[in-house]
Amino acid sequence: MSHDHDPRAIRTEALERLLVDQGLITSAAIDTIIERYETDVGPLNGARVVAKAWTDSEYRTRLLNDGTAAIAELAIGGAQGEKMVVVENTPDVHNVVVCTLCSCYPWPVLGLPPAWYKDPAYRSRIVREPRKVLGEFGLTLDDNIEIRVWDSSAEIRYLVLPERPESVIDDDEEALAELVTRDSMIGVARIDA
Ligand code: FE
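Residues numbered from 1 in each chain as written. Predicted model: local features only at pLDDT ≥ 70, side-chain atom pairs only at ≥ 80, totals over all residues. Heavy atoms only, no water.

A. Representation of the pattern of salt bridges. Inspection of the entire model under this criterion finds ten salt bridges. Salt-bridge contacts for Arg125 lead to Glu129; the nearest nitrogen and oxygen are separated by 2.7 Å. In this structure, Arg190 engages Glu163 in a salt bridge whose closest nitrogen and oxygen atoms are separated by 2.8 Å. One end of the pair, Arg190, is in the segment after helix H10 (182-186); the other, Glu163, is in the loop between strand S4 (157-161) and helix H9 (173-179), with 27 residues separating them in the sequence. Connected through salt bridges with shared partners, the residues Arg125, Glu129 and Glu136 form a single ionic network. (Salt bridge = Lys/Arg side-chain N within 4 Å of Asp/Glu carboxyl O. Helix = DSSP H or I, 4+ residues; strand = E, 2+ residues; numbered from the N terminus.)

This is the structure we're talking about:
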């Protein structure tokens, strides 16, 4: 389901144009706000979920069994995250998320999708040649690591539970959450500490 012709998207664009035309706001200011939601505000929630899963094995089990419910335990949820499935990276399996049809993305845990996530090239190539595309992101995976590509939809949104860096021993959840990047929760990066 494409969101490009969504009445809400059209309305939003019309509002932005009106605000810019009236001199009330600049497009640059709007871009700054959007970027903040892409890279800072949004992924913080996902990072909290990941850090808790790393430090609490019972929470991790609940998270993998029912992502939506376990994420809601942290008072995180809402539109574009009604049905969450969490997939776990292990030494043998690497997960990566795409929306081949458009740009479905788990807003409550990751905020707004980055531009490349919406790019038709990423959407088609990550399915056909995931190892190569991940390599272009700077993530080189050994041939014996299985790559699983998850196709998000309007119904189901995926979150990758990245591997915890072995070098970080302290179970300080806040400090751990700071290590967790947006890209690691989409699956195009790992976390190195
Ligand atoms: Fe979509």
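Now that the structure is up, let's keep going.
B. Layout of the packing of aromatic side chains. Scanning the model with the defined rule gives seven aromatic pairs in all. Ring geometry for Tyr105 versus Tyr117: centroids 4.9 Å apart, planes at 65 degrees, classification edge-to-face. In this pair, Tyr105 is assigned in the loop between strand S2 (93-98) and helix H5 (107-110) and Tyr117 in helix H6 (residues 115-118), connecting sequence segments twelve residues apart. Each of the two residues, Tyr105 as well as Tyr117, counts as buried. An angle of 85 degrees between the planes, with centres 6.0 Å apart, marks the rings of Tyr122 and Phe137 as edge-to-face. (Phe/Tyr/Trp six-rings, centres within 6.5 Å; stacked < 30°, edge-to-face > 60°. Buried < 20%, exposed > 50% of the residue type's maximum accessible area, 1.4 Å probe, protein only.)

C. Inspection of unusual backbone geometry at higher detail. You will see that Ala75, though not glycine, has its phi angle at about 60 degrees, which is positive. The residue Ala75 is located in the loop between helix H4 (67-72) and strand S1 (84-88) in this model. For Ala75, a relative accessible area of 73% puts it in the exposed group. A positive phi angle, close to 70 degrees, is found at Gln80, a residue other than glycine.

D. Inspection of the coordination of the iron ion at higher detail. Every protein donor of the iron ion is listed here as Cys99 (SG), Cys102 (SG) and Cys104 (SG), and their distances to the metal cover 2.0 to 2.6 Å. The exposure class of Cys99 is buried, given its relative accessible area of 0%. The exposure class of Cys102 is buried, given its relative accessible area of 7%. (Donors = N, O, S within 2.8 Å, 3.2 Å for Na, K, Ca; no water.)

E. Molecular detail of a negative patch on the surface. Where like charges cluster on the molecular surface, the negative patch consists of Asp170, Asp172, Glu173, Glu174 and Glu178. Tracing the backbone through its elements, the reader meets Glu178 in helix H9. (Patch = residues over 30% accessible without salt bridge, like charges linked within 9 Å, V, L, I, M, F, W, Y side chains within 5 Å. Areas by Shrake-Rupley, 256 points an atom, 1.4 Å probe, with all protein chains shown as cover. Lys, Arg positive; Asp, Glu negative; His and termini not counted. Charge placed at Lys NZ, Arg CZ, Asp CG, Glu CD.)

F. Here's a closer look at the side chain of His94. For His94, the location among the structural elements is in strand S2. Within polar-contact distance, the side chain of His94 engages the side chain of Asn89 at 3.5 Å. Among all residues touching His94, those that are not within four sequence positions of it are Asn89, Leu134, Leu139, Leu141, Ile145, Glu146, Ile147, Arg148, Gly187 and Ala189. (Polar contact = N/O pair within 3.5 Å; in protein donor to acceptor, adjacent residues only side chain to side chain. Contact = heavy atoms within 4.5 Å.)

G. Up close: the domain arrangement of the protein. You can read the domains of the protein as domain 1 (7-38) and domain 2 (41-186). One C-alpha centre belongs to domain 1, the other to domain 2; they are set 28 Å apart. Domain 1 puts four residues into the contact, and the matching count from domain 2 is nine residues. Summed over both sides, the interface of domain 1 with domain 2 buries roughly 540 Å², with 52% coming from carbon and sulfur. On the domain 1 side of the contact with domain 2, Arg36, Tyr37 and Glu38 bury the most area, a combined 89% of that side's loss. In this assembly, domain 1 and domain 2 are joined by zero salt bridges. (Domains from an automatic or database assignment. Buried area = accessible area lost by both parts, 1.4 Å probe.)

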